[in-house]
Amino acid sequence: MVGGHWTGYPKHRLRRALLIGTRRRLGEALAPVAERYFEAAAALAVSPDGGPPEFYTSAAEAAAADRFLADHGLGRTRRLVAVVPGAARATKRWPAGHWQELVTRLVTRMDVVVLGGEAEREQGATLAAAGGVGVASAAGAFSLVGSGALLRRADVVVSGDTGLLHLATAVGTPVVGLYGPGVREFGFFPYRAPALVLERDLPCRPCTAHGGPRCPLGHHDCLRTITPDEVLSALERPIR
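Here is what the cut-offs are and how they apply
- Residues numbered from 1 in each chain as written.
- Predicted model: local features only at pLDDT ≥ 70, side-chain atom pairs only at ≥ 80, totals over all residues.
- Heavy atoms only, no water.
- Helix = DSSP H or I, 4+ residues; strand = E, 2+ residues; numbered from the N terminus.
- Expected span 1.5 Å × (residues − 1).
- Buried < 20%, exposed > 50% of the residue type's maximum accessible area, 1.4 Å probe, protein only.
- Arc of directions from axis to C-beta.
- Phe/Tyr/Trp six-rings, centres within 6.5 Å; stacked < 30°, edge-to-face > 60°.
- Pairing = 2+ DSSP bridges.
- Axes fitted to C-alpha atoms, helices over the stretch in contact; angles between N-to-C directions.
- Salt bridge = Lys/Arg side-chain N within 4 Å of Asp/Glu carboxyl O.
- Parallel < 35°, antiparallel > 145°, perpendicular 65-115°, else oblique.
- Left-handed = near helix turned anticlockwise from the far one by under 90°.
- Contact = heavy atoms within 4.5 Å.
- Nonpolar A, V, L, I, M, F, W, Y, C, P; charged D, E, K, R; others polar.

## Quick word on helix α3 (residues 59-71)
Move 1: Between its first and last C-alpha atoms α3 spans 18 Å; for 13 residues at 1.5 Å apiece the expected length is 18 Å, and the two agree.
Move 2: When α3 is considered as a whole, its buried residues turn out to be Ala62, Ala64, Ala65, Phe68 and Leu69. Projected onto a plane normal to the axis of α3, the buried residues spread over an arc of 160 degrees and lie on a single side. Counted as exposed and oriented over 90 degrees from the buried face of α3: Ala59, Ala60, Arg67 and Asp71.

The structure is reproduced here in structure tokens:
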């Protein structure tokens, strides 16, 4: 609220519709949403500081994250990778079989913690069971702040196009992002933080602004064709 009046930031629905309808041939790219938020506070004369987002966790949540990792023997002698398999929309989710293959191969060299909300609890348990020793699921067990504390303790995060990806950038952890229908022009890519985005340049992409319940063409190639091998290779490269 500024000067007694509610303000907002522009959604640029027409430009976004042009990007979708013409598959980015028409319509200007939108600014990063983190910068568009500042337009809501234009009267306060505030502006981005040029750095990444910042997110702070409480001492209690940090201690709970440490206990969880210690109880499961994670991150003591090996690198810790956090994986985030969920997303609110089905078309933003990397296939479940890809996640399972990734985790079972990752655990031979790194410890793995699975993060997500209540909706990912079952998938997290499945991944932990498939990976065995060296994998534990915190999906559904931590608040947003607690998840931030766990993400801060990871060496790297593998995530789809979802909120925890951006939370990881805000606590300073490098990210490998798996992007399907979402494109850079929408303004929701990792913002000014160490990140490597894996995506496919397809003529059907973007199909929607925020993802949907199913691929409109039935193949979901934007994410299905990103392989676990590519993710493993990305994890071996410097992420800047």
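Still more ground to cover, so stick around.
## Here we look at the packing of aromatic side chains
We describe a pair of aromatic rings using the distance from one ring centre to the other and the angle between the two ring planes.
Move 1: One pass over the full model with this rule turns up three aromatic pairs.
Move 2: Aromatic side chains Phe68 and Phe142 sit 5.5 Å apart centroid to centroid with 90 degrees between the ring planes, which places their arrangement in the edge-to-face category. Taken together, the residues Phe68 in helix α3 and Phe142 in the loop between β3 (135-137) and α6 (144-153) connect sequence positions 74 residues apart.
Move 3: Assessed through its relative accessible area of 11%, Phe68 is described here as buried.
Move 4: Phe142 gets classed as buried once you look at its relative accessible area, which sits at 18%.
Move 5: Aromatic side chains Trp94 and Trp99 sit 4.9 Å apart centroid to centroid with 90 degrees between the ring planes, which places their arrangement in the edge-to-face category.

## Remarks on the sheet that holds β3
Move 1: Reading across from one edge, β3-β2-β1-β4-β5-β6 is the order of the six strands in this open sheet, with parallel pairing throughout. Two strands close off the open sheet at either side, each with one partner strand: β3 and β6 (195-198). Between one strand axis and the next, the sheet turns by 15 degrees as a mean value, whatever way the strands run.
Move 2: As paired elements, strand β1 (residues 80-84) and strand β4 (residues 156-160) share four bridges and run parallel to each other.

## Some thoughts on the pattern of salt bridges
Close approach of charged atoms lets side chains of opposite charge pair.
Move 1: In this structure the tally under the stated criterion is 13 salt bridges.
Move 2: Measuring nitrogen to oxygen at the nearest pair gives 2.7 Å for the salt bridge that ties Arg105 to Asp229. Placement of Arg105 in helix α4 (residues 96-106) and of Asp229 in helix α9 (residues 228-235) is noted, with a sequence separation of 124 residues between them.
Move 3: For Asp221, the salt bridge identified is with Arg224, shortest N-O distance 2.4 Å.

## Points about α4
Move 1: Taken residue by residue, α4 has His98, Trp99, Leu102, Val103 and Leu106 as its buried positions. The arc that holds the buried residues of α4, viewed along the axis, is 130 degrees, so those residues lie on one side.

## Points about the packing of α4 against α9
Move 1: Packing of α4 against α9 leaves a shortest axis separation of 9 Å and a crossing angle of 45 degrees. One element, α4, and the other, α9, form an angle in the oblique class. In this structure, α4 crosses over α9, and the sense of that crossing is right-handed. Residues His98, Glu101, Leu102, Arg105 and Leu106 of α4 form the contact with α9, whose own contacting residues are Pro228, Asp229, Val231, Leu232 and Leu235.
Move 2: Residue composition of the contact of α4 with α9, by class: six nonpolar, one polar and three charged.

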